[in-house]
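# Notes for the structure review
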Amino acid sequence: MNEKKNALFTYLIENITLGHMKTGEKIPSRNALAKKFNISYDTVDKVLKSLIENGILTASRGSGTFVCSTRKHDVEITRIYAIFHSSGYFNQNLEMLFSGGLDNAVPFYNLRDYEAELHMPEFLKPGCGVVWYYPFPHRLQLIKNLHKAHVQTLILNRDYDDLNCIANDPRESLRDGFSWLRSCGCNELYGQPGTYAPYRSKRIIAAYELAAEMKFLLKSENIYRMQSNHYLEEARTAAEFMFSKKELPRGIVMLDMEIALLFVSQGLSCGKIPGR
C-alpha cells in the first residue's frame, strides 16, 4: 500500500472510528476522493472494496457507499499472520506459541516487515489476526489503523499506547542489568536517551528511576542525547561518546537490543573490545 493509498485508508478509518462519519452516512464519491488525495479512481476503488469486504463500508448500486455499523473485536480468528523483521528463529517459535502444537490449529503465515502493505486486503477480511514481533516505530500508524478497523492485533515485546501487547516490565529487566553493573564495581552511569521510538520513553524513565533507587551517580555531563534517528549513526555516536572517555565503562546495559550489535561493532572500530 503506497503512501497516498495509505493516506486514504487512514482518512476513512479515522473518520469512521472517531464518529465523524456515522453509521448509515454516505461517504464522498470515488471521484471526490480521487481528487482529494490526488490518486486514480482505480486506487480509490481498491481501498473502498477492501473496507466493504471487511464489513466497514457497504455499497448500494446507484446510491453510493455508506458506513456500516462497526464490527466487534471478538470475531473468531480463522488465520494468523506474524510480521517480523528478525531471523527465522523467531517465527518458528511464534508458530509454536500460537498453535500450541495442535494439528487443528488455525493456519499460521509468516511475513517479513516489508510485505505487510501487500497483505492489507487480507488483513481486513473477517477472522484475521495479526501478530507483530518487535515492530519498528514507523509501523505504529499502520498497526493503529488495523486496530481501528477492528482487525485483531497483538504486539510482542513492544508496549505502544493502548494497543494489545505482551511486553516485559522494563524495571525488572533493568534491575537485573543494573545489579550486574553494581557487581562489576560500577557506581556511576552514563546515559544515552534515544529520540525516535515511542516505547523507549517508558524504558528511559524506568532507567532513571531505578538509577536513583539504587543510588547510582548520574551526572549531567554523562548524559548524551541522540539527535539522529538512524540506528548506525546512533550506535556510532554512542560508542564515540563512551569510549572516548579516559576511564572506560566497566559494563554496558542496552535498553534496546536493536542497536547492541551495531554498538559493539562501532566500539571495535574505536579500538576497544567490548566484553559483557
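Bear in mind that the values here come from a model prediction, so they are computed numbers and not experimental data. (Residues numbered from 1 in each chain as written. Predicted model: local features only at pLDDT ≥ 70, side-chain atom pairs only at ≥ 80, totals over all residues. Heavy atoms only, no water.)

## Points about unusual backbone geometry
Even without being glycine, Asn38 reaches a positive phi, approximately 55°. Within the element layout of this structure, Asn38 appears in the loop between helix 2 (30–37) and helix 3 (41–53). Although it is not a glycine, Lys215 sits at a positive phi angle of roughly 60°. (Helix = DSSP H or I, 4+ residues; strand = E, 2+ residues; numbered from the N terminus.)

## As for the confidence of the model for the protein chain
When pLDDT is averaged across the protein chain, the result is 76; 75% of the residues are at 70 or more. Within the protein chain, no element has a lower average pLDDT than helix 4 (residues 88–99), which sits at 57, and none a higher one than helix 2, at 93. (pLDDT = per-residue confidence, 0-100.)

## Describing the side chain of Arg30
Of note, Arg30 is situated in helix 2. Classification of Arg30 as buried rests on a relative accessible area of 19%. Polar contacts involving the side chain of Arg30 include one to the side chain of Asp45, which spans 2.9 Å. (Buried < 20%, exposed > 50% of the residue type's maximum accessible area, 1.4 Å probe, protein only. Polar contact = N/O pair within 3.5 Å; in protein donor to acceptor, adjacent residues only side chain to side chain.)

## Topic: the packing of helix 2 against helix 3
Between helix 2 and helix 3, the least distance of the axes is 9 Å, while the angle of their chain directions is 115°. Relative to helix 3, the crossing made by helix 2 is right-handed. Counting all contacts with helix 2, which are made through Arg30, Asn31, Leu33 and Ala34, the residues of helix 3 involved are Tyr41, Val44, Asp45, Leu48 and Ile52. By residue class, the composition of the contact of helix 2 with helix 3 is 6 nonpolar, 1 polar and 2 charged. (Axes fitted to C-alpha atoms, helices over the stretch in contact; angles between N-to-C directions. Left-handed = near helix turned anticlockwise from the far one by under 90°. Contact = heavy atoms within 4.5 Å. Nonpolar A, V, L, I, M, F, W, Y, C, P; charged D, E, K, R; others polar.)

## Re the pairing of strand 1 (residues 57–60)
Pairing analysis gives 4 bridges linking strand 1 to strand 2 (residues 64–67), with the strands arranged antiparallel. Looking at the pairing, Thr58 lines up with Phe66 of strand 2. (Pairing = 2+ DSSP bridges.)

## Description of the side chain of Arg79
By the element assignment, Arg79 lies in strand 3 (residues 79–84). Exposure remark for Arg79: the relative accessible area of 12% places this residue in the buried category. Among the polar contacts listed, one links the side chain of Arg79 to the side chain of Thr78, at a separation of 3.0 Å. Once you skip the residues sitting within four places of it in the chain, Arg79 turns out to touch Val106, Pro107, Tyr109, Glu122, Lys125, Pro126, Gly127, Cys128 and Gly129.

## Things to note about the pattern of salt bridges
The full count for this structure, using the stated rule, is 6 salt bridges. Here Asp113 and Arg139 are joined by a salt bridge, their closest N and O atoms 3.0 Å apart. Taken together, the positions of Asp113 in the loop between strand 4 (108–112) and helix 5 (120–123) and Arg139 in the loop between strand 5 (128–133) and helix 6 (140–148) put the pair 26 residues apart, joining distant regions of the chain. Arg139 matches Asp113 in its accessibility class, with the two residues each being buried. With its nearest N and O atoms 2.5 Å apart, the salt bridge here joins Arg171 to Glu213. In this pair, Arg171 is assigned in helix 7 (residues 170–183) and Glu213 in helix 8 (residues 200–213), connecting sequence segments 42 residues apart. Owing to a relative accessible area of 24%, Arg171 belongs among the partly exposed residues under this scheme. One salt-bridge network, held together by shared partners, links Arg171, Arg175, Glu209 and Glu213. (Salt bridge = Lys/Arg side-chain N within 4 Å of Asp/Glu carboxyl O.)

## A look at the nonpolar core
Grouped together as the largest cluster of nonpolar side chains are 37 residues, with contacts concentrated most on Leu8, Leu12, Ile27, Leu51, Leu57, Phe123 and Trp132. For this core, the elements supplying multiple residues, two or more each, are helix 1 (3–17), helix 2, helix 3, strand 3, helix 5, strand 5 and helix 6. Element by element, the count of residues in this core is highest for helix 1, at 5 residues. When neighbours within four sequence positions are excluded, Phe123 is seen to be in contact with Tyr81, Ile83, Leu111, Ala116, Cys128, Val130, Leu146 and Val151. One finds Phe178, Leu189, Ala206 and Leu210 within the second-largest nonpolar core, a separate group that totals 12 residues. (Core = buried A, V, L, I, M, F, W, Y, C linked by side-chain atoms within 4.5 Å.)

## A look at the sheet that holds strand 4
Read across the open sheet, the 5 strands follow the order 4-3-5-6-7; overall the sheet is parallel. For this open sheet the edge positions go to strand 4 and strand 7 (165–166), each flanked by a neighbour on one side alone. In this sheet, strand 5 lies alongside strand 3 in parallel orientation, the contact comprising 5 bridges. Residue pairing in the sheet places Ile80 in a bridge with Gly129 of strand 5.

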